[in-house]
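Structural overview
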Amino acid sequence: MIVQKRGFAGDDTMKMTRHCFSALLAWILVSFMPGMLRAEITAAQLFPASTIFFAEIEDPRELADTLVEHPVVEKLLEMDAYQQFLGSPEFERVERLLGSVEEQLDSTWQEILTDLAEGGISVAFDLNTQGGALLAEARDAESLARLRDAFLKLAANGQEDGIKQGEYRGVTAYEFNEQFKFLTIENWLIVVTESKLAAAILDRYLDSEQDLHETLVATDAFQSARRSLKGTETAWAYLGLKPIRLFGGLVALSTAARENMLVELLMGGIVEAAKRADYVTATVQLDDEFTRIALALPCDDTSLKEGREYFFGPGGQGVAPAIINVDDTIFSFSTYRDISQVWLRAPDLFTDEVNDGLAEADSTLTQVFAGRDFGEDILGALRPQLQLIVARQEFDSQRPIPRIKLPSFALVGQMRDPEVMTAELRRMVMSMIGFFNVVGAMEGQPQMDMEVEKLGQAQLVSATFLPDPNQQPSQVKILYNFSPTVVFHDQLLIVSSTRALAEQLLVARGKRGPQTKANMAMRVDFSALEKILGDNRQQLIVQNILEGGNTQEEAAGQIDIILKLLGLVQSFDMDLERSDGQIRLQAILSH
């Protein structure tokens, strides 16, 4: 007997279950996968390729927490001026407005910020539409919709016609004034100044799977800029330079350098690099100890043309000397600049008006320096490594003490040929002191007493203003801040406004700060600055009374606030460095 196999009834049920599951899975993929993919979109993918400016804060809540709990902010809150502001009508209005918003939205401002921009905030400017935009990635679509509806309700109060609305591709947009429109789509808040830019952003969002539109994130310049980031930035920004150059946007920078020698000396190399760079980036890093801001732009050897070799040095290897440290230094500046080459190449670097002024100065300085050419013989005698030191000075009680107490300052350099130049420069300095004595006598100014002496292996030429026996202590002239001094020691040359600072620098020449790769470095010490302003507190109060019309008490209060504000931070450092194919300008504020 043949027995035929028969299927179990459960087999049909299993097949049907699998068929239903497949259909369900397909429906889920079709319905929800686009949204799942769009959830991974970044703001840079939503902006057109014609976007020339883009800035991003990846974690606004963390930034807000850092600011609220920052030690500097805590010190500010303890100041009397802030406590007085808390009781002012202005603060009360702000507090009422904030309370009203929090009540309407049923959330604290910290919660609102988290809900609104947990995924980050971006701002951008598009060249084609001439529009600006702000994008915020909210925690989720529900949170954003709740905030949107509450805001619309709050904004509609007092408006007879309500909020204007429009629609594009099924998305509703709102116009709450002539300058700004906003819309929401899923968990994105989009605020724009131009409707065309809003349409461009929406197109890129809705068509993200089809790759129909050119985007900022796909451009070579933006990708290169992004690769230069370290990932520790609190915020960063990108600026495309190609279109700006095309429309003449960098002409003002070049013009400023051609019309001002100081701008050329400080920024000439950056101006040259900007002529070829595709972009510039800015980064901000904030923590309890430091605030760092850095600008960077790509730079290769083609940016180091001979005309500006004075700036970066041969092959771009020019390095600023390590700073000499002395007590109560207010400001220090160290750089590599071949100023002689700038002076000699002035016809190529500057406008005719500037060159006319330099020619006149060159003629006068040539006479002052006994016929020696100022650009070639005097400036050419110095190596490019230069320092400027500004420090608070202590006054000798046995000498006249001026009413206005200025800091002392000194230029420190290295001579190329000290065996030849030391004697010649010493004679020139002595002649100049004699010349200024003659001019001063004609103008009724006090005379200088000159001294030439040796301090160990160093040679020193100094001049001190003689006391005026008829001068009242309260009327001592500002000239008594100075005792001009020049020091020669091997290659070292120090030109100082005071003898005390010159001697300090001579002693401390071996106690320099760390040597870096910076082409230019500067530092401001706020504690020393606070001291020098404190030395002149009474004079500042008098000036405030005369210029501002304040009472003695009001003027003193304003000056004391300035002094206390300076005490909130320690120092400000800035350096310019060329390395790894970039020019990087970094500023650090130490708290």
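The structure presented is a predicted model; accordingly, all values stated were derived computationally and were not measured.

1. Topic: the layout of surface pockets
The space that makes up the largest pocket amounts to roughly 980 Å³. Of all elements in the fold, only helix H14 (339-344), helix H17 (374-378), strand E13 (408-414), helix H18 (418-442), strand E15 (458-465), strand E16 (485-489) and strand E17 (492-496) reach the threshold of two or more residues within the lining of the largest pocket. If one sorts the elements of the lining of the largest pocket by residue count, H18 sits on top with six residues. Across the lining of the largest pocket, the residue classes tally to 29 nonpolar, four polar and three charged. Volume-wise, the second largest pocket comes out at about 500 Å³. As for the second largest pocket, its lining consists of 23 residues, and the residues nearest its centre are Ile323, Ala521, Met522, Arg523 and Asp573. Those elements giving two or more residues to the lining of the second largest pocket turn out to be strand E11 (329-336), strand E18 (520-525) and strand E19 (571-579). Taken together, the residues of the lining of the second largest pocket break down into eleven nonpolar, seven polar and five charged.

2. Some remarks on helix H5 (residues 89-105)
In an α-helix, one full turn covers 3.6 residues, which means residues spaced three or four apart are oriented alike. Spanning 17 residues, H5 covers 24 Å between terminal C-alpha atoms, matching the ideal 24 Å at 1.5 Å per step. Positive backbone phi, approximately 55 degrees, marks Asp106, located one or two places after H5.

3. Regarding the pairing of strand E7 (residues 188-192)
Taken across its five residues, E7 has five buried, putting it largely inside the fold. Bridge analysis of strand E3 (residues 131-137) against E7 gives five bridges, and the strand direction is antiparallel. Residue pairing in the sheet places Glu137 in a bridge with Trp188 of E7. Summarising the sheet, strand E6 (residues 181-185) and E7 pair through five bridges and their orientation is antiparallel. The residue bridging Lys181 from the neighbouring strand is Val192, located in E7. The hairpin formed by E6 and E7 contains two residues between the paired strands, and Glu186 there has a positive phi angle of roughly 55 degrees.

What counts, and where the lines are drawn
Residues numbered from 1 in each chain as written. Predicted model: local features only at pLDDT ≥ 70, side-chain atom pairs only at ≥ 80, totals over all residues. Heavy atoms only, no water. 1 Å grid on protein atoms, 1.4 Å probe; cavity = no way out; pocket = protein on both sides within 12 Å on 5 of 7 lines; lining within 4 Å. Points joined across faces, edges and corners; volume = space filled by probe spheres on them. Helix = DSSP H or I, 4+ residues; strand = E, 2+ residues; numbered from the N terminus. Nonpolar A, V, L, I, M, F, W, Y, C, P; charged D, E, K, R; others polar. Expected span 1.5 Å × (residues − 1). Buried < 20%, exposed > 50% of the residue type's maximum accessible area, 1.4 Å probe, protein only. Pairing = 2+ DSSP bridges.

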